[in-house]
Amino acid sequence: MFSDELIEKIRGAFLRVDRDADGRKRIFFDNGTGTLVLRRAADAEAKARVDWSANVGAIFSESKKAEEVISEGREAVADLLNAPSPGTIVSGESATSLLFGLSYAIGKSLDGSENIVTTEYEHYANISPWLELKRRGLVREVRFARLIKDEGVLDLDHLKTLVDKKTGIIAVTAASNVLGTKSPLKEIGKIARDINAYFIVDAVHHIPHGPIDVRDIDCDFLVFSGYKFFTSHGSFLYGKEEHLETLRPYKVEPAPDYPPYKFELGTRDQSKFAAIKAVVEYLIWISEQLVGPYEDLLAKYSGRVRSLMSAMSAIEKYEKELSKAMLTGYKDAPGLMEIPNLKVYGIKDINRLDERDPTFAFKVENIPDEEVVEKFWVKHGIALRSENYYSKVPEVYGVPSMIRATLVHFNTLNEVYTFLKALNEIVKFN
Ligand SMILES: Cc1ncc(COP(=O)(O)O)c(C=O)c1O
């Protein structure tokens, strides 16, 4: 478990965890939009940018070192996801651009009779590429599996009814970036296998919250972004080797036509690879601090993968404590479930914490979202926001925006306490 001492050390690993760059003390609950950055990731990025800035492919040492940094970064991401090899890891500008690129590549092999099944709780990065295929006549239909609105969870039975022999792709988020609800990925993976459809997972929101094993999920593709995972922009796409081999992405003629390079448009930014490797090293450091109740769970892993799975499992466990406190209260502060005049979306049942990440969407009755967010910031120094998060979720609930608090493992129960006290005050003095 995370001891108080470890939480302090973890907080020490982030430059701006207590105060922003202007010295203002604040609580950072806007992690769903982009987490704070690890000091060691920023340092590694700066070092690679300055010391090994040359482009790959030349004989001199800066260029050789840049190549090494890129391969090490790929290896680190492969281990993070338990991918079979670094060659299955493609890098790109953003998850959105990687998913568009993938959709164009898959689109080349579709004949217009297929359908795509996605869900009502996706970020549009995992919707618009599929709608684009439809607009271009490459698929017949994009179908949306329903949300069970009261519970804020996916209606898996409905998803099953949407899938048929003509389903070419099932594209699902690992966790909703608004509700925090996790998808039953293994079950959906089996459904995709049965009909031989591509199974594509958007792990952008879920990546900082728990272990991800692409082989266990048995997905064909999975994408995540560095800025949601304690470093800067730049994203990574895992793809099954056979698909990376056979798909034909758009590329310039002279670029290699073998994976992962054929999927990478232009040359790489080695500093991003240095940074993601530093995040992975930080997680290994966490795993070394743990006194482990995770042994059984991790028996199937070895080496660095095992350390990463253990760190991410510990993070997941700690975050459940934060979620529980958010929902039921902490010390004398009532939780989200108890505060009156509050509409909370997503899973509220504390017996279902396994099904959610610590991401909470809510609205205060009779106060506009922006006003609530401003009160949080100006009076209480709590950073969160209200918008639609490019997600289909607000649309489904018939509202233009929601307030969202996303916690990660550097947040604390004391911060939850301050947040809940502030929220109680905002609601009370409405
Ligand atoms: C679930 C989810 N998918 C995709 C994205 C888009 O990621 P990117 O900015 O890397 O394109 C986001 C960003 O908020 C997200 O939360």
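Residues numbered from 1 in each chain as written. Predicted model: local features only at pLDDT ≥ 70, side-chain atom pairs only at ≥ 80, totals over all residues. Heavy atoms only, no water.

Caption draft 1: Representation of the domain arrangement of the protein within the structure. What the domain assignment reports for the protein is domain 1 (4-39 + 305-428) and domain 2 (43-279). On a C-alpha basis, the centroid separation for the pair domain 1 and domain 2 is 26 Å. Listed by partner, the interface residues are 46 residues for domain 1 and 42 residues for domain 2. Between domain 1 and domain 2 lies a buried interface of about 3500 Å² when both sides are counted; carbon and sulfur atoms form 58% of it. Note that Lys182 and Glu316 form a salt bridge whose closest N and O atoms lie 3.1 Å from each other. At the junction of domain 1 with domain 2, the criterion picks out 21 residue pairs in polar contact (both at pLDDT 80 or more). Secondary structure elements with two or more residues in the side of domain 1 that touches domain 2: α11 (303-328), β14 (359-364), α13 (393-396) and β17 (402-406). Broken down by element, the side of domain 1 that touches domain 2 gets its largest block of residues, 8 residues, from α11. Here the residues of the side of domain 1 that touches domain 2 sort into 23 nonpolar, 11 polar and 12 charged. (Domains from an automatic or database assignment. Contact = heavy atoms within 4.5 Å. Buried area = accessible area lost by both parts, 1.4 Å probe. Salt bridge = Lys/Arg side-chain N within 4 Å of Asp/Glu carboxyl O. Polar contact = N/O pair within 3.5 Å; in protein donor to acceptor, adjacent residues only side chain to side chain. Helix = DSSP H or I, 4+ residues; strand = E, 2+ residues; numbered from the N terminus. Nonpolar A, V, L, I, M, F, W, Y, C, P; charged D, E, K, R; others polar.)

Caption draft 2: Representation of the side chain of Ser287. Its location among the elements puts Ser287 in helix α10 (residues 270-289). Residue contacts for Ser287: discarding those within four places in its chain leaves Ser307, Ser310 and Ala311.

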